[in-house]
Amino acid sequence: MITAQAQVMARITIDAGKFKRENTPVSFALDDATSLADTEVALMEVKDGHKTPVPFQVEQGYQRRIWWILSGVSAPGTQRVFELVKATQPAAATTVIQAKDQQGTLVLQQGSQSILQYNYATVYPPAGIDSVFKRSGFIHPLWAPNGAVLTNIHPKDHWHHVGIWNPWTHTEFEGKVVDFWNLKEKQGTVRFTGFLSKTEGPVWGGFKALQDHIVFKGEGKEQVALNEVWDVRAYPAQANGARRLWDFTSTFGCAGSSPLLLLQYRYGGGFGFRATPEWTNATSQVLTSEGHTRKDADSTRARWIKVTGQTGKGQAGMLVLSYPANYDSPEPVRVWPENAERGELFINFSPTKIKSWLLTYGKEYTLKYRILVYNDDITPAEADALWNDLANPPVVKITKQ
């Protein structure tokens, strides 16, 4: 409960800066404003003398962070004001994004609408295909808001392709070259190890999953070369349900004292996406932030890449935004040419496409992407606005009262 005379603990000003903001996730360190328990605080937006309660969510950690959606449109140069107040009783719990465990899969959904499925149980290839192509720790299906499935797994041309995934291809570990991507080489794989968390809430829902890059040493022996954590977060739908935003963050580091050298190679790591077989060179289009299409995008650098195509449920697409702090940003992309594999589509933000990357013990490394999945299409200007929103977040100023 919040009374009209509720004690104000902090005033929060959100400055849009030079860029348009639309339904932007924002946060600040709650511990910088108060030491009260999460259940003892509430968030209000102040506008024209009126105060309106705002749904929020507290993320636990070394420092607590309070998250909410900067709902609607905030024009460039504008400010919005919020107050953190003391609540006399906890607000009613509201879950908008659910994380539903379904025997080997974790499905993020909003109400009855599925967003994406993380496969943590081992998925085997079709009968008769070498079981070396089994995999866990990948996303499939990824659904468009209209219900169309945008990903594909175990296609005949590349049995090792599994929806959205990111193993490193050409690496050097303890003096030997190891390929974690091309499973037929039988040099290594990536394997789900366990969940660190599963989260549901009014602002975002998601999971943190531990995955290991495993080296096959022969005679049944294995060694973990790299530990990786996937942090995946989905936000409530926008534009009357026609658009969905989610974040994908990979944080990784050497599992032991041996370094892992990610050798320069044309694909691997980053963000890999094998598209639905419905998307071919005749039914889909590719566009990057630099204006390249499927004809000439491969080996160019991009801040974002979008793919749009026809499905049995209507036109839909996906925009992938690469965070500017990623390695060798703006990252190079791998895009199959139009004549590849019956014209089907594969794209990959590949941070080591142009130069190698040495990972050493005792350090953490991060790659971060924001994904918009949409019905119909979006314009390049809209894609640019979303990238600017990610790369140049609004400024959050906290004034304790």
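What you see is a predicted model; the values in this text were computed from it and never measured. (Residues numbered from 1 in each chain as written. Predicted model: local features only at pLDDT ≥ 70, side-chain atom pairs only at ≥ 80, totals over all residues. Heavy atoms only, no water.)

What follows concerns the pairing of strand β25 (residues 346-349). Look at any regular strand and the pattern is simple: side chains alternate between the two faces of the sheet. Taking every second residue as pointing to the same face, both faces of β25 are buried, with Phe346 and Asn348 on one and Ile347 and Phe349 on the other. Looking at chain direction, strand β20 (residues 271-274) and β25 are connected through 4 bridges and run antiparallel. Its bridge partner lying in β25, Arg274 is registered against Phe346. (Buried < 20%, exposed > 50% of the residue type's maximum accessible area, 1.4 Å probe, protein only. Helix = DSSP H or I, 4+ residues; strand = E, 2+ residues; numbered from the N terminus. Pairing = 2+ DSSP bridges.)

In this section: the sheet that holds strand β21 (residues 284-288). In space, the 8 strands of this open sheet follow the order β15-β16-β17-β18-β27-β23-β22-β21, with antiparallel pairing throughout. Each end of this open sheet is capped by a strand with a single partner; those strands are β15 (188-199) and β21. Geometrically, the sheet is characterised by an average inter-axis angle of 20° between neighbouring strands, direction not taken into account. When strand β22 (residues 304-311) meets strand β23 (residues 314-322), the two strands line up antiparallel, connected through 8 bridges. Among the inter-strand pairings, Gln310 is bridged to a residue of β23, identified as Gln315. Packed onto the sheet, helix α1 (residues 380-391) meets β18 (243-254), β21, β22, β23 and β27 (365-375) and runs at close to 35° relative to β23. (Axes fitted to C-alpha atoms, helices over the stretch in contact; angles between N-to-C directions. Contact = heavy atoms within 4.5 Å.)

Strand-to-strand pairing in sheets goes through backbone hydrogen bonds, with the strands running parallel or antiparallel. Strand order in the open sheet formed by 3 strands is β2-β6-β5, and the pairing between neighbours is antiparallel. Unpaired on one side and paired on the other, β2 (21-29) and β5 (57-59) mark the two borders of the sheet. Sheet twist, expressed as the average angle between the axes of neighbouring strands with direction ignored, equals 35°. Strand direction decides the pairing type here: β5 and strand β6 (residues 65-74), joined by 3 bridges, are antiparallel. If you follow Gln57 over to β6, its bridge partner there is Trp67.

According to the stated counting rule, one finds 27 aromatic pairs in the structure shown. Aromatic pair Tyr120 and Phe195: ring centres 5.1 Å apart, planes at 80°, arrangement edge-to-face. On the criterion of sequence distance, the pair formed by Tyr120 in the loop between β10 (113-119) and β11 (138-142) and Phe195 in strand β15 is long-range, its members being 75 residues apart. Overall, the relative accessible area of 22% leaves Phe195 in the partly exposed class. Among the aromatic side chains, those forming a connected cluster through ring pairs are Tyr118, Tyr120, Phe192, Phe195, Phe207, Trp230, Phe248, Phe271, Phe349 and Tyr369. Directly above the ring of Trp204 sits Arg233, whose terminal nitrogen or CZ lies 4.1 Å from the centroid. Across the ring face of Tyr323, the terminal group of Lys368 is positioned such that the distance to the ring centre comes to 4.7 Å. (Phe/Tyr/Trp six-rings, centres within 6.5 Å; stacked < 30°, edge-to-face > 60°. Lys NZ or Arg CZ within 6 Å of the ring centre and 35° of its normal.)

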